[in-house]
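Spelled out from the first residue to the last, the chains are:
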Amino acid sequence: MEKPLDTLIVDSILDAIADQRLVAGTKLGEQALSDIFACNRAHVRRALSMLTGWQVVDHLPNRGAYVATPTPQDARDVFQARRAIETTICRNAVRLADATDLADLRRHLAQEDAARGHDNRPALIRLSRGFHILLARIGRNPVLARYLDELTMRSSLIIGLYAQGHATLCAEDEHAGIVAAIAARDEARALSLLDQHLRHIEAGIRFDDVPPATGGLAAALRG
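This one's a predicted model, so the numbers in the text were calculated from it and none came from an experiment.

Visitor: Sorry if this is basic, but what is going on with the packing of helix H6 (residues 121–138) against helix H7 (residues 142–162) here?
Guide: Two numbers describe a pair of packed helices, the interaxial angle and the distance between the axes. H7 packs onto H6 with a crossing angle of 160° between their chain directions and a minimal axis gap of 10 Å. With respect to H7, the element H6 is oriented roughly antiparallel. Along this stretch, H6 crosses H7, giving a crossing that reads as right-handed. Contact with H6, carried on its side by Arg 121, Ile 125, Arg 129, His 132, Ile 133 and Ala 136, involves Ala 145, Leu 148, Asp 149, Thr 152, Met 153, Ser 156, Ile 159 and Gly 160 of H7 and no other residues of that element. Of the residues belonging to the contact of H6 with H7, the class tally is seven nonpolar, four polar and three charged.

Visitor: Even after reading the chapter, I still don't get the nonpolar core, so can you show me in this structure?
Guide: A general tendency of soluble globular proteins is for nonpolar side chains to be buried together. Of all hydrophobic cores here, the largest spans 63 residues; its most connected members are Ile 13, Leu 22, Leu 28, Leu 33, Ile 182 and Leu 221. Once you skip the residues sitting within four places of it in the chain, Leu 28 turns out to touch Ile 13, Leu 22, Leu 33, Leu 48, Val 57, Ala 65, Tyr 66, Val 67 and Leu 217.

Visitor: Even after reading the chapter, I still don't get the packing of helix H2 (residues 30–37) against helix H3 (residues 41–53), so can you show me in this structure?
Guide: Relative orientation of the contacting elements H2 and H3 amounts to 115°, with a least axis distance of 9 Å. When the interaxial angle is binned, H2 and H3 end up roughly perpendicular. Pair H2 / H3 crosses with right-handed handedness. Residues Glu 30, Gln 31, Leu 33 and Ser 34 of H2 touch H3, and the partners they reach there are Arg 41, Val 44, Arg 45 and Leu 48. Of the residues belonging to the contact of H2 with H3, the class tally is three nonpolar, two polar and three charged.

Quick notes on the rules
Residues numbered from 1 in each chain as written. Predicted model: local features only at pLDDT ≥ 70, side-chain atom pairs only at ≥ 80, totals over all residues. Heavy atoms only, no water. Axes fitted to C-alpha atoms, helices over the stretch in contact; angles between N-to-C directions. Helix = DSSP H or I, 4+ residues; strand = E, 2+ residues; numbered from the N terminus. Parallel < 35°, antiparallel > 145°, perpendicular 65-115°, else oblique. Left-handed = near helix turned anticlockwise from the far one by under 90°. Contact = heavy atoms within 4.5 Å. Nonpolar A, V, L, I, M, F, W, Y, C, P; charged D, E, K, R; others polar. Core = buried A, V, L, I, M, F, W, Y, C linked by side-chain atoms within 4.5 Å. Buried < 20%, exposed > 50% of the residue type's maximum accessible area, 1.4 Å probe, protein only.

Written out as structure tokens, the structure reads:
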């Protein structure tokens, strides 16, 4: 089943950011996007509206839409909020995860391994976010899950724009260690590993080493 056009546009922009083909401040012109995706501007507007709601895109009055430009303080705020929220989510997951949940987590780890083996940075960023969203589902608190959804989208933008190399995404055993601690019902270890994991990602963000633009909008979105 083909993706709806709105979703295709959103995913293409997110992948281009993750692959550092789109840099902060890039203009996302409605007509240009309409031409690239061979669609009418209504699809483009809906896609940009979704990205603006997630704070991945800034919509400036009388100027249009641009890839958001998060600041170092934005990054600190996002990761501090994530640590606060995900501590409770992880604690709940340790207490509530059942056999199906653990199977889902292990399946997700296998997908991460496959993406890592293919050196697929955009997929790794998506899957890293997906791991934390999956933990939130297992934690059975939809209010926290909703907040985390936005925070992980914002941190994915920051990672895609400014994190250097795959090591800053997820060390190979970090998610696996958290899953093992959850399976063992070891709350203290799970919380400790989660905190280390989030701090490791944050430490890999380098705002003073921004990758250069690699060409026009069409080239960036077509990879």
